[in-house]
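# Examination of the molecular architecture
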Amino acid sequence: MTLDIQKLRTDTPGTNTCLHLNNAGSALMPRPVYDAVVEHLKLEMEIGGYEAHARALPAYERTYDAIAEMINCHRDEVAIVENATMGWLMGFHGIHWQKGDRILTAEAEYASNVISYLQLARNSGVVIDVVPSDKDGQIDISKLEEMITPDVKLISISHIPTNGGLINPAEEVGKIANKHGIPYLLDACQSAGQIPIDVNKIGCDMLSATGRKYLRGPRGTGFLYVRKSFMNQLEPPFLDLHSAEWTGKDSYKMRDDARRFENWENNVAGVIGLGVAADYYLSVGMEEASKRLKSLAASARDRLSQIAEVTVQDIGQEKGGMVTFSHDRMTAEEIKATLARQQINVSTSSVTSTRYDMERRKLPTLVRASFHYYNSEEELDIFVEAIKNL
Ligand SMILES: Cc1ncc(COP(=O)(O)O)c(C=O)c1O
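This one's a predicted model, so the numbers in the text were calculated from it and none came from an experiment. (Residues numbered from 1 in each chain as written. Predicted model: local features only at pLDDT ≥ 70, side-chain atom pairs only at ≥ 80, totals over all residues. Heavy atoms only, no water.)

### Overview of unusual backbone geometry
A negative phi angle is the norm for most residues apart from glycine, just as the trans form is the norm for most peptide bonds. One non-glycine residue, Asn72, lies in the positive phi region at around 65°. One can find Asn72 in the loop between helix H4 (57–71) and strand S2 (78–81). Classification of Asn72 as partly exposed rests on a relative accessible area of 38%. Residue Gln343 is not a glycine yet carries a positive backbone phi of 60°. By secondary structure assignment, the location of Gln343 is in the loop between helix H13 (332–340) and strand S13 (344–345). (Helix = DSSP H or I, 4+ residues; strand = E, 2+ residues; numbered from the N terminus. Buried < 20%, exposed > 50% of the residue type's maximum accessible area, 1.4 Å probe, protein only.)

The structure is reproduced here in structure tokens:
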């Protein structure tokens, strides 16, 4: 099945107003997602928030099924939260950390995750070890295996980093983690919606993702997957009357499912919109979507690398839809501002988001152009011309 790009663009009103290459920041919502969110807000306005929720319960509950379908798990293994970070934090701090426990991570790790490792190292004496990258720039699988000792409590990596095209070999990492019986947390914030994700193939115990990026959902939505067989090894760092029940004066009981990682109040319209976004993605086709955005990005890399002043900075054996580059004469911020005046949206990626990787490669702040399947060939031409004309 090939994608009907014109139809997908018609579904995406934003394609009429800008050339959006900031899909790794927050993608353009398709019309059905927008409609679902606005409709629900309207219902809240008309009949009250709790009443609207009750009426929209099937759509709300559908979100758990849609996400489960998308990542190949059971709906009871899905918690819906306000962003990827909150999902990740609930899983990460659910582990019973002890002094001397080791965390193995990768060079492309995201700043927020590393800050949590550092906080734990400072407060609890946990040790952080960064697995080096191989010659292609992805996590070195043989080094990962060599670094495993009995004190490794967690393997925790970013699937696709915030700063480029790299796709880390999540399945290979999963094989090592499972072989040694080590819990595995995958930050899939940038990969959900960009490449197909199957938690069983990957072999992760926890996976966090966000709604607004490649999934094209509303802002302020995210989810955490926790494998059923692993769930009882974790204790959510925060509980409330949604994640647990106050069963007696001196007792409480946690929920049996992954909603124990949620809390009571949330953005119901956003959750419904997230489900519509996941269903939309399923209807587009995960494989086709990924193939298309990868091929647009590959073509962009190829054409940008022919511009004398441009250096494409993406690493990895397998690359996704995010293209990063530097320019001999202009800073990333200057380029972003210049493109913005032409209604071309890109973002920038600096050392503070992925310090291990960017320090090792001695990179300046980079321009990040992230392609989605709905970007057109004509948009690619306009973008490349704009870079030539800088
Ligand atoms: C790799 C990675 N992980 C996590 C996050 C945080 O996601 P959120 O802002 O939804 O919490 C980002 C955001 O850019 C990211 O790139």
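Next comes the rest of the write-up.
### Overview of the domain arrangement of the protein chain
The domain boundaries assigned to the protein chain delineate domain 1 (5–21 + 286–388) and domain 2 (32–283). For domain 1 versus domain 2, the distance between C-alpha centres works out to 26 Å. The partner domain 2 presents 33 residues to the 35 residues of domain 1 that form the contact. When the buried area of domain 1 at its contact with domain 2 is split by residue, Met286, Met322 and Tyr356 rank highest and sum to 29% of it. There are one salt bridge connecting domain 1 and domain 2. (Domains from an automatic or database assignment. Contact = heavy atoms within 4.5 Å. Buried area = accessible area lost by both parts, 1.4 Å probe. Salt bridge = Lys/Arg side-chain N within 4 Å of Asp/Glu carboxyl O.)

### Details of the nonpolar core
Core analysis: the largest hydrophobic core is formed by 57 residues, its most contacted members being Ile71, Ile155, Tyr184, Leu207 and Phe223. With eight residues, the single largest contributor to this core is helix H11 (residues 268–284). Formed jointly, this core draws a minimum of three residues from each of two domains, domain 1 (5–21 + 286–388) and domain 2 (32–283). If we skip the residues at most four places from it in the chain, Phe223 touches Ile67, Met70, Ile71, Val78, Ala79, Ile80, Val81, Leu207, Ser208, Ala209 and Leu215. If you look at the next biggest cluster of nonpolar residues, it comprises 25 residues, including Leu19, Leu21, Val323 and Ile387. (Core = buried A, V, L, I, M, F, W, Y, C linked by side-chain atoms within 4.5 Å.)

### Thoughts on the sheet that holds strand S14 (residues 347–349)
The antiparallel open sheet is built from four strands, whose spatial order is S11-S12-S15-S14. Because the sheet does not close on itself, it has two edges, and the strands there are strand S11 (310–312) and S14. Neighbour-to-neighbour, the strand axes of this sheet turn through a mean angle of 40°, independent of strand direction. As defined by bridge partners, S14 adjoins strand S15 (residues 366–370) across three bridges and the pair is classed as antiparallel. For Ser349, the partnering residue across the bridge sits in S15 and is Leu366. Contacting S11 and strand S12 (322–327), helix H12 (residues 286–304) runs over the sheet at an angle of about 15° to S12. (Pairing = 2+ DSSP bridges. Axes fitted to C-alpha atoms, helices over the stretch in contact; angles between N-to-C directions.)

### Here we look at the site of the ligand
Near the ligand you find 13 residues, and of these Thr85, Asp187, Thr210, Arg212 and Lys213 are the closest. Ala84 has a polar backbone atom sitting 3.1 Å from an oxygen atom of the ligand. The separation between an oxygen atom of the ligand and a polar side-chain atom of Lys213 is 2.5 Å. Protein coverage of the free-state accessible area of the ligand, which is 400 Å², stands at 91%. A per-class count over the shell around the ligand returns four nonpolar, six polar and three charged. (Near = heavy atom within 4 Å. Polar contact = N/O pair within 3.5 Å; in protein donor to acceptor, adjacent residues only side chain to side chain. Areas by Shrake-Rupley, 256 points an atom, 1.4 Å probe, with all protein chains shown as cover. Nonpolar A, V, L, I, M, F, W, Y, C, P; charged D, E, K, R; others polar.)

### A look at the pairing of strand S10 (residues 251–254)
Sheet analysis places strand S9 (residues 244–248) next to S10, joined by four bridges and oriented antiparallel. Across the sheet, residue Glu245 finds its bridge partner in S10, namely Lys253.

### Re the environment of Lys153
Relative to the helices and strands, Lys153 resides in strand S5 (residues 152–158). Assessed through its relative accessible area of 22%, Lys153 is described here as partly exposed. When the C-alpha positions of Lys153 and Ile182 are compared, they lie 6.4 Å apart, and in sequence the two are 29 residues distant. Residues within four places of Lys153 in sequence aside, it is in contact with Ile95, His96, Trp97, Gln98, Asp101, Arg102, Ile182 and Pro183. A polar side-chain atom of Lys153 sits 2.6 Å from the main-chain carbonyl oxygen of His96. Engagement of the side chain of Lys153 in a polar contact is seen with the side chain of Asp101, the distance being 2.8 Å.

### With respect to the sheet that holds S2
Note on sheets: strands pair through backbone hydrogen bonds, and any given pair is parallel or antiparallel. Strand order in this open sheet of seven strands is S2-S8-S7-S6-S5-S3-S4, and the pairing throughout is mixed. At either margin of the open sheet sits one strand with a lone partner, and together these are S2 and strand S4 (127–131). Strand after strand, the sheet turns through a mean of 20° between neighbouring axes, direction not considered. Pairing of strand S6 (residues 184–187) with strand S7 (residues 206–210), which is carried by three bridges, proceeds in the parallel orientation. Within S7, the position partnered with Asp187 by the bridge is Ser208. Across the sheet, H4 touches S2 and strand S8 (222–226), and the angle it forms with S2 is around 120°.

### Some thoughts on the environment of Asn168
Position of Asn168 among the secondary structure elements: in the loop between S5 and helix H8 (170–179). On the basis of relative accessibility, which here comes to 2%, the residue Asn168 falls in the buried class. The sequence separation of Asn168 and Gly316 amounts to 148 residues, and the corresponding C-alpha distance is 7.4 Å. Here Asn168 is in contact with Ala106, Ala108, Gln138, Ile139, Ile157, Ser158 and His159, once residues within four sequence places are set aside. Within the structure, the side chain of Asn168 is placed 2.9 Å from the backbone nitrogen of Ile139, a separation counted as a polar contact.

### Here's the deal with the side chain of Asn163
Looking at the element boundaries, Asn163 is found in the loop between S5 and H8. According to the relative accessible area criterion, Asn163 is buried, its value standing at 2%. Polar side-chain contacts of Asn163 include one of 2.9 Å to the side chain of Asp357. Asn163 has contacts with Met322, Thr324, Ser349, Thr354, Asp357, Met358 and Arg361, leaving out every residue within four places of it along the chain.

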